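What follows is the residue order along each chain.
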Amino acid sequence: MRLILLGPPGAGKGTQAANLIDSLNIPHISTGDIFRANIKNETELGKEVKSYLNEGKLVPDELTTRVVWDRLDQEDCKCGFLLDGFPRTIPQAEALKAGLIERGLELDKVVNIDVDTDILVKRLAGRRVCKSCGATYHVAGNPPKVDGKCDSCDSEVIQRDDDKEETVLNRIKVYENQTQPLINYYTKEGLILTFDGTKPIDELSQEILDALNESK
Ligand code: ADP
Ligand code: AMP
């Protein structure tokens, strides 16, 4: 299956992706994770994108699209993929569509996770991530079993630099201006499935899997 996870920052895209990929048996491709790994490893790409991430701005479309296709053209994506955080603009969606057509491929569905802004702010302020494997937690709603330590790999659990309050509000504005129009774009394409992102994590994963099965 070729799927997109759409939704504002903090909607739970990464959390759901972690739950869904095993059942769907496809790789989770998060542009945010790719950029953060490059920043951590101080690659040329990392140096180029660092200021955009720190300020909560979008990395330019052309560069982002190139990074995504480099990843989607790898062998493990031949059976499908779960895109998280891409596309985030209409030009990115158009570039994805053109690239898929070029390769004789199609998207199956766009999973849109809907959460109100006031809840997003609370979620992002309390989000903590594992420094090593990227597993996602929340200080109140979904804390690691041992304070500050990742359940899966025991590494340190930290706050993302772009989850500070000023950047969070900026990222939500960027979503509203540049990414939200994609809901209409993919509705017109007949691909959208919308879910209530305030449901408990596991219940929501099951609902998404059921809807994807029904739509086959
Ligand atoms: P995104 O990838 O869309 O930015 P995350 O998956 O990182 O969002 O989730 C943002 C925060 O919200 C995390 O702290 C996560 O633990 C929490 N979270 C995710 N899904 C839910 C949910 N269904 N209910 C409550 N909290 C959630
Ligand atoms: P995320 O991990 O999805 O919250 O993304 C973190 C940051 O990475 C965003 O605030 C952007 O700076 C950058 N980013 C991730 N995906 C994209 C994209 N598709 N287009 C542009 N910038 C992106």
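Owing to the predicted nature of the structure, the values given are computational and were not obtained by experimental measurement.

Asks: Quick one: what's the story with the overall build of the chain, residue by residue and with numbers?
Replies: Scanning the chain from N- to C-terminus turns up nine helices and eight strands. Its C-alpha atoms give the chain a radius of gyration of 17 Å, within 12% of the compact-globule value 17 Å for 216 residues. Over its C-alpha atoms, taken along the principal directions, the chain stretches across nearly 45 × 40 × 35 Å. Burial analysis of the chain (216 residues in total) assigns 45% to the buried set. A sequence separation of at least 24 residues applies to 70% of the contacts in the chain between residues at least 6 apart.

Asks: Got a sec to walk through the site of ligand 1? Specific residues and values, please.
Replies: Lys13, Thr15, Arg127, Tyr137 and Lys199 are the nearest of the 17 residues found near ligand 1. Contact between ligand 1 and Gly14: an oxygen atom at 2.9 Å from a main-chain N or O atom of the residue. Contact between ligand 1 and Lys199: a nitrogen atom at 2.7 Å from a main-chain N or O atom of the residue. In isolation ligand 1 offers 560 Å² of accessible surface; the protein chains occlude 89% of this area. At the level of elements, helix 1 (13–24) and strand 6 (136–138) are the ones that each hand at least two residues to the shell around ligand 1. Of the residues belonging to the shell around ligand 1, the class tally is five nonpolar, eight polar and four charged.

Asks: Describe the pattern of salt bridges, listing the residues and the values that go with them.
Replies: Any two side chains of opposite charge can pair, on the condition that their charged atoms come close. In this structure the tally under the stated criterion is 14 salt bridges. For Arg103, the salt bridge identified is with Asp73, shortest N-O distance 2.8 Å. Here Arg103 is found in the loop between helix 5 (90–102) and strand 4 (109–114), whereas its partner Asp73 is found in the loop between helix 4 (61–72) and strand 3 (81–84), with 30 residues between them in sequence. Between Arg127 and Asp163 there is a salt bridge, with its nearest N and O atoms 2.8 Å apart. With Arg127 in strand 5 (residues 127–130) and Asp163 in the loop between strand 7 (157–158) and helix 7 (165–179), this pair connects stretches of sequence that are 36 residues apart. When sorted by exposure, Arg127 lands in the same class as Asp163, which is buried. Residues joined in a network through salt bridges with shared partners are Arg127, Arg160, Asp162, Asp163 and Arg171.

The rules behind each value
- Just so you know, the residues in each chain are numbered from 1, in the order the chain's sequence is written.
- Note on labels: chains are lettered from A, ligands numbered from 1, in written order.
- Per-residue local features are limited, in this predicted model, to residues with pLDDT of at least 70; the limit for side-chain atom pairs, both in listing and counting, is 80 or more; totals at the level of whole chains, interfaces and linings are taken over all residues.
- To get the side-chain values, take all heavy atoms of the structure and skip hydrogens and water.
- Secondary structure elements follow DSSP: runs of H or I of four or more residues count as helices, runs of E of two or more count as strands, with numbering from the N terminus.
- Just to be clear, the radius of gyration here is over C-alpha atoms, and the globule rule we use is 2.2 Å times residues to the power 0.38.
- Residue burial is assigned from relative accessible area. The probe radius is 1.4 Å, only protein chains are included, and a residue is buried under 20% of its type maximum, exposed over 50%, and partly exposed in between.
- The contact rule is simple, with two residues in contact once any of their heavy atoms fall within 4.5 Å.
- Near residues are defined by distance, with any heavy atom within 4 Å of the molecule or strand qualifying the residue.
- Pairs of N or O atoms within 3.5 Å make up the polar contacts considered here, provided that, within protein, one atom can donate a hydrogen while the other can accept it, and that residues adjacent in sequence are counted only when both atoms are side-chain atoms.
- Here the accessible surface of atoms and residues is derived via Shrake-Rupley with a 1.4 Å probe, and residues count as covered only by protein chains that are part of the display.
- Side-chain classes follow a simple rule in which Ala, Val, Leu, Ile, Met, Phe, Trp, Tyr, Cys and Pro form the nonpolar group, Asp, Glu, Lys and Arg form the charged group, and the remainder, Gly included, forms the polar group.
- Think of a salt bridge as a Lys or Arg side-chain nitrogen and an Asp or Glu carboxyl oxygen that are within 4 Å of each other.

Keep in mind that these numbers describe shape and distance, not what the molecule does.
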